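A structural walkthrough
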Amino acid sequence: LTFRFGANLIWNKFMYVISINELEKGDILLTAENSATSKVVRKSTGSSFSHAILYIGSGTYIHSDANGVHSGNMQRLLFDTPENVTILRVAGSPDQLRKACMFARLKIGTKYSIRDAINSKLKTTTKERKNRQFCSRLVVQSYESAGIKLVENTSFCTPQEILESKLVQKTSVKIRKATIEEI
C-alpha cells in the first residue's frame, strides 16, 4: 500500500502503533529499529530489543537517546513491525508507579552517555557519571527510586536485563497497523 500526501510519497509499507488506551502508567516499552546502531546493540546484548522507554501516562513517554532525556507523544511512535516492540508491566503500588514516573520527569534535560551505555553492554566495571543517562539506566533507576529494584546493577544494565527481570510481566497490549492519518 502506497500513500501520497501532496507531493510526498510514503513508502509501500505498513507501520504499526501501540494501542495507547491499553497502556498503564509505569509500563516499560522495549523497542528495536532496523538501524545499524540498533542491530549492534541487539547483537552485543543477545536481545531482540535495543531501547527502553517509560510510559508515564496521558499518551506521554520519557526516554534517553542521543538527544538526552526527553519526553514524547505515543501517537508519534511508529514501528516497522509489531515484533519491534514489547510492553512490560511492573507490579507496583500506585504510589510506586507515580514515584517512578516522577523520577523520570525530573531527569528530563539530562545529557546522554554513550560511554556508560557501551560499558553496560561490555559489563565493564566503571564509575557511573551521575549527570548522564542512557535508556535502560533511566528506566531501572526510575523504579529503584520508588523502591523496586528491577535488575542487579541499576547503573549499568541493558534492555535484555529488564526483559529478564522477575519483577516485570509481558502485557497483552495490542500493536496495530497505523492508519493513514497516524502515519
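Scope of this entry: the structure provided in the associated data block. (Residues numbered from 1 in each chain as written. Predicted model: local features only at pLDDT ≥ 70, side-chain atom pairs only at ≥ 80, totals over all residues. Heavy atoms only, no water.)

1. Remarks on the overall build of the chain
Tallying secondary structure elements over the chain gives 5 helices and 12 strands in all. A buried classification covers 46% of the 183 residues belonging to the chain. Long-range contacts, defined as pairs at least 24 residues apart, comprise 64% of the intrachain contacts of the chain with a sequence gap of at least 6. When the accessible surface of the chain is totalled, it reaches about 9900 Å², and 52% of it is carbon and sulfur. (Helix = DSSP H or I, 4+ residues; strand = E, 2+ residues; numbered from the N terminus. Buried < 20%, exposed > 50% of the residue type's maximum accessible area, 1.4 Å probe, protein only. Contact = heavy atoms within 4.5 Å. Areas by Shrake-Rupley, 256 points an atom, 1.4 Å probe, with all protein chains shown as cover.)

2. A short note on the packing of aromatic side chains
Summed over all chains, the structure comprises 0 aromatic pairs. Taking the ring centre of Phe156 as reference, the NZ or CZ of Arg137 above it sits at 5.2 Å. Over the face of the ring belonging to Phe14 we find Lys177, whose NZ or CZ atom lies 4.1 Å from the ring centre. (Phe/Tyr/Trp six-rings, centres within 6.5 Å; stacked < 30°, edge-to-face > 60°. Lys NZ or Arg CZ within 6 Å of the ring centre and 35° of its normal.)

3. Side note on the pairing of strand β4 (residues 28-31)
Residues Ile28 and Leu30 line one face of β4 and the alternating positions Leu29 and Thr31 line the opposite face, and both faces are buried. Note: β4 against strand β5 (residues 51-57), 4 bridges, orientation antiparallel. When the bridges of β5 are listed, Leu29 appears paired with Ile53. (Pairing = 2+ DSSP bridges.)

4. Looking at the sheet that holds β5
In spatial order, the strands read β7-β6-β5-β4-β8-β11; together these 6 strands make up an open sheet with antiparallel pairing. Looking along the sheet, the strands with just one partner apiece sit at the ends: β7 (68-73) and β11 (168-170). The average angle at which neighbouring strand axes cross in this sheet is 30°, direction not considered. Pairing between strand β6 (residues 60-65) and β7: 6 bridges, direction antiparallel. In the strand pairing of β7, Ile62 is matched with Ser71. Docked against the sheet, helix α2 (residues 94-106) engages β5, β6, β7 and β8 (85-90), running at close to 115° with respect to β5. Across the face of the sheet, helix α4 (residues 135-145) comes into contact with β4, β5, β6, β7 and β8 while running at roughly 45° to β5. (Axes fitted to C-alpha atoms, helices over the stretch in contact; angles between N-to-C directions.)

5. Structural notes on the packing of α2 against α4
At a minimum axis separation of 7 Å, α2 and α4 run at an interaxial angle of 130°. Considering the angle they form, α2 stands oblique to α4. Read as a crossing pair, α2 and α4 show a hand that is right-handed. For the pair formed by α2 and α4, the contact residues are Leu97, Lys99, Ala100, Phe103 and Ala104 on the first element and Leu138, Gln141, Ser142, Tyr143 and Ser145 on the second. (Parallel < 35°, antiparallel > 145°, perpendicular 65-115°, else oblique. Left-handed = near helix turned anticlockwise from the far one by under 90°.)

6. Observations concerning α4
With 9 of 11 residues buried, α4 lies mostly within the body of the structure. The complete set of buried residues in α4 reads Cys135, Ser136, Arg137, Leu138, Val139, Val140, Gln141, Ser142 and Tyr143.

7. Quick word on the side chain of Gln160
Within the secondary structure, Gln160 sits in helix α5 (residues 159-164). For Gln160, the residues in contact, after removing those within four places along its chain, are Thr45, Gly46, Ser47 and Ser48.

Take it as geometry only, folks, not as evidence of what the structure does.
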